[in-house]
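This is what each chain is made of:
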Amino acid sequence: MNRYITAALSAALLTALTSCAADTAPPTASERDVFAMDTFMTMKAYGDGADKALEAAEARIHELEDELSVTKSGSDLARINSSGGEAVAVSDDAAELIKAGVSYFDETSGALDISVYPVLAEWGFTTGEYRIPDEGTISRLLAKVNAGAVTVEGSSVRIPEGSMIDLGALAKGYTGDEIMAIFRENGVKSAMVSLGGNVQALGSKPDGSDWRVGIKDPFTPDTNMCVVSISDRAVVTSGNYERYFTGDDGKNYWHIIDPADGHPADNGLVSVTVIGESGLRCDALSTALFVMGTDRAQTYLRDHTDVDAVLVTEDGTLLYTGGISGKLDNTGGRTAEVIARD
Ligand code: AMP
Ligand code: MG
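The shown structure was predicted, so the numbers you read here are calculated from the model rather than taken from an experiment.

Rules of the game
- Residues numbered from 1 in each chain as written.
- Chains lettered and ligands numbered in written order.
- Predicted model: local features only at pLDDT ≥ 70, side-chain atom pairs only at ≥ 80, totals over all residues.
- Heavy atoms only, no water.
- Helix = DSSP H or I, 4+ residues; strand = E, 2+ residues; numbered from the N terminus.
- Contact = heavy atoms within 4.5 Å.
- Areas by Shrake-Rupley, 256 points an atom, 1.4 Å probe, with all protein chains shown as cover.
- Lys, Arg positive; Asp, Glu negative; His and termini not counted.
- Charge placed at Lys NZ, Arg CZ, Asp CG, Glu CD.
- Disulfide = S-S within 2.5 Å.
- Buried < 20%, exposed > 50% of the residue type's maximum accessible area, 1.4 Å probe, protein only.
- Near = heavy atom within 4 Å.
- Polar contact = N/O pair within 3.5 Å; in protein donor to acceptor, adjacent residues only side chain to side chain.
- Pairing = 2+ DSSP bridges.
- Donors = N, O, S within 2.8 Å, 3.2 Å for Na, K, Ca; no water.
- Axes fitted to C-alpha atoms, helices over the stretch in contact; angles between N-to-C directions.
- Parallel < 35°, antiparallel > 145°, perpendicular 65-115°, else oblique.
- Left-handed = near helix turned anticlockwise from the far one by under 90°.
- Nonpolar A, V, L, I, M, F, W, Y, C, P; charged D, E, K, R; others polar.
- pLDDT = per-residue confidence, 0-100.

Caption draft 1: Looking closely at the overall build of the chain. Counting its secondary structure elements, the chain contains eight helices and 19 strands. The dimensions of the chain, computed from C-alpha atoms along their principal axes, are 100 × 50 × 40 Å. Partitioning the intrachain contacts of the chain with sequence separation of at least 6 by distance along the chain shows that 59% fall at a separation of at least 24. Summing over all exposed atoms, the chain offers an accessible surface of approximately 16100 Å²; the carbon and sulfur share of this is 49%. Within the chain, the 52 negative side-chain charges are centred at a point lying 4 Å from the centre of the 27 positive side-chain charges.

Next up, the structure:
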């Protein structure tokens, strides 16, 4: 009888140990890398629905690229840009994003302007054939730059003849939000994506702790300057080191254009990271605050407390909003100051 009791006890113990191990084993991550929208994207999701979610997310990324790319022939953007001032019927995604572009033009007093594209092209950022345009050409092109003249009615978009728009400042942020929605629909509760540096997290890490997201040092972009701890947030950076060329004059020229003068925005900031719930909003604002520069960006952040931000000035100081004080690890040891928001 003892033998039977021992056997039964061992079986019970084994079951208990196995189920205990199953409870504590970390869930395995499903991962997928995608090259789209001219950039590398990595996605990591945990849980039962993860594989299906990643499959659907990849399909959605390609769908959005086909609609929103400014260079793919037949895309909504290509059709708008060759419309000669006529109204064009577009996808819901393009209509929504262009509408957002117009409203951010207003909200940022023109710092974000989706119609700056012809100026960007003149500097060579659309082809890689970089050059410093002459001032006459810049002012001629700037005359047509005005996102306020873009109209969206339902799914119909009209831009003035001679204007062109691009959604490079917004599209990856919107894509991040769409991926998070797909993950949620598939029951994923923990995930992290990086869309060419636009990081967005769903929930926390599977063990319940925050995701830790490194922010690059704009002066040495292969190292991180600091780390922010987040859950359910987007972390989006715009920096002068991301895409630039060195002119014959020895100066660097980068891909974020100040619509006020048609030159790469050079208003005291070298990098802007925005942290918030919406990928689209963080993407729009990281570009816009970069254009605004040190003073206007801080004023904007004082008036808009739904997002946090880390700004890096050209002298290497880190300015950050108090909302992330306890979440920011200043690993690089740069001088850091809080942006007062009272
Ligand atoms: P991001 O990396 O999100 O800051 O976006 C930069 C991209 O947005 C550039 O590569 C251009 O395609 C576009 N862009 C540049 N300057 C502006 C601007 N002032 N407003 C809107 N889009 C811009
Ligand atoms: Mg942006």
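Read on, since the account is not over.
Caption draft 2: Broad picture of the state of the cysteines. Evaluation of the coordinates by the stated rule reveals zero disulfides. Of all cysteine sulfurs in the structure, the one in Cys282 sits closest to Cys226, which takes part in no disulfide; the separation is 15 Å. The exposure class of Cys226 is buried, given its relative accessible area of 0%.

Caption draft 3: Layout of the site of ligand 1. The immediate surroundings of ligand 1 are formed by 18 residues, with Asp113, Ser238, Ile257, Asp283 and Thr287 found nearest. In the environment of ligand 1, a nitrogen atom lies 3.1 Å from a nitrogen or oxygen atom belonging to the backbone of Ala111. Separating an oxygen atom of ligand 1 from a backbone N or O atom of Ala169 is a distance of 3.3 Å. Relative to its unbound accessible surface of 500 Å², ligand 1 loses 94% to contact with the protein. For the shell around ligand 1, the leading source of residues is helix H8 (residues 279-303), giving three residues.

Caption draft 4: Structural context of unusual backbone geometry. The residue Ser109 is not glycine, and still its phi comes out positive at about 50°. When its relative accessible area of 60% is taken as the criterion, Ser109 is described as exposed. Notably, Asp232 is not glycine yet its phi reads approximately 55°, a positive angle.

Caption draft 5: Layout of the sheet that holds strand S9 (residues 220-230). With respect to topology, three strands assemble into an open sheet ordered S8-S9-S18, the strand pairing being antiparallel. Every other strand in the sheet has two partners, leaving strand S8 (211-217) and strand S18 (328-329) as the edge strands with one partner each. Bridge analysis of S9 against S18 gives two bridges, and the strand direction is antiparallel. When the sheet's bridge partners are listed, Val227 is paired in S18 with Asp329.

Caption draft 6: Inspection of the coordination of the magnesium ion (ligand 2) at higher detail. Of the protein atoms, only Ala169 (O), Asp283 (O), Asp283 (OD) and Thr287 (OG1) coordinate the magnesium ion (ligand 2), at distances of 2.1 to 2.5 Å. Here the donor residues of the magnesium ion (ligand 2) share one chain and are spaced in sequence as A-x113-D-x3-T. Here Thr287 and Asp283 lie together in helix H8, a separation of four residues that amounts to about one turn. Judged by relative accessible area, Asp283 falls into the buried class, the value being 5%.

Caption draft 7: Main features of the sheet that holds strand S15 (residues 269-276). With mixed pairing, nine strands are arranged side by side in an open sheet as S1-S2-S6-S7-S10-S15-S16-S17-S19. Every other strand in the sheet has two partners, leaving strand S1 (29-36) and strand S19 (336-339) as the edge strands with one partner each. Neighbour to neighbour, the strand axes of the sheet diverge by 15° on average, direction disregarded. When strand S6 (residues 190-195) meets strand S7 (residues 198-202), the two strands line up antiparallel, connected through five bridges. Across the sheet, residue Val193 finds its bridge partner in S7, namely Gln200. Set on the sheet, helix H2 (residues 50-68) makes contact with S1 and strand S2 (39-46); between it and S1 the angle comes to about 10°. This element, H8, spans S7, strand S10 (234-239), S15, strand S16 (308-313), strand S17 (318-321) and S19 of the sheet and lies at about 125° to S15.

Caption draft 8: How the structure looks around the packing of H2 against helix H7 (residues 171-185). Running from amino to carboxyl end, H2 crosses H7 at an angle of 150°, the nearest separation of the two axes being 9 Å. In terms of their interaxial angle, H2 and H7 are classed as roughly antiparallel. For the pair H2 and H7, the crossing hand works out as right-handed. For the pair formed by H2 and H7, the contact residues are Ala53, Leu54, Ala56, Ala57, Arg60, Ile61, Leu64 and Leu68 on the first element and Ala171, Tyr174, Thr175, Glu178, Ile179, Ile182 and Phe183 on the second. Its residues assigned to classes, the contact of H2 with H7 comprises 12 nonpolar, one polar and two charged.

Caption draft 9: View of the confidence of the model for the chain. For the chain, per-residue confidence averages 93 on the pLDDT scale, and 93% of positions sit at 70 or higher. Below pLDDT 50 for its whole length, residues 1-22 participates in zero contacts with residues either more than four positions away or in separate chains.

Caption draft 10: Main features of the pairing of S10. For S10, the tally of buried residues reaches six of six residues, placing the bulk of the element in the interior. Of the two faces of S10, both are covered, the one formed by Ala234, Val236 and Ser238 as well as the one formed by Val235, Thr237 and Gly239. Pairing of S7 with S10 involves two bridges; the strand directions are antiparallel. The residue bridging Val199 from the neighbouring strand is Val235, located in S10. Note: S10 against S15, six bridges, orientation antiparallel. Bridged to Val235 within S15 is Ile275.

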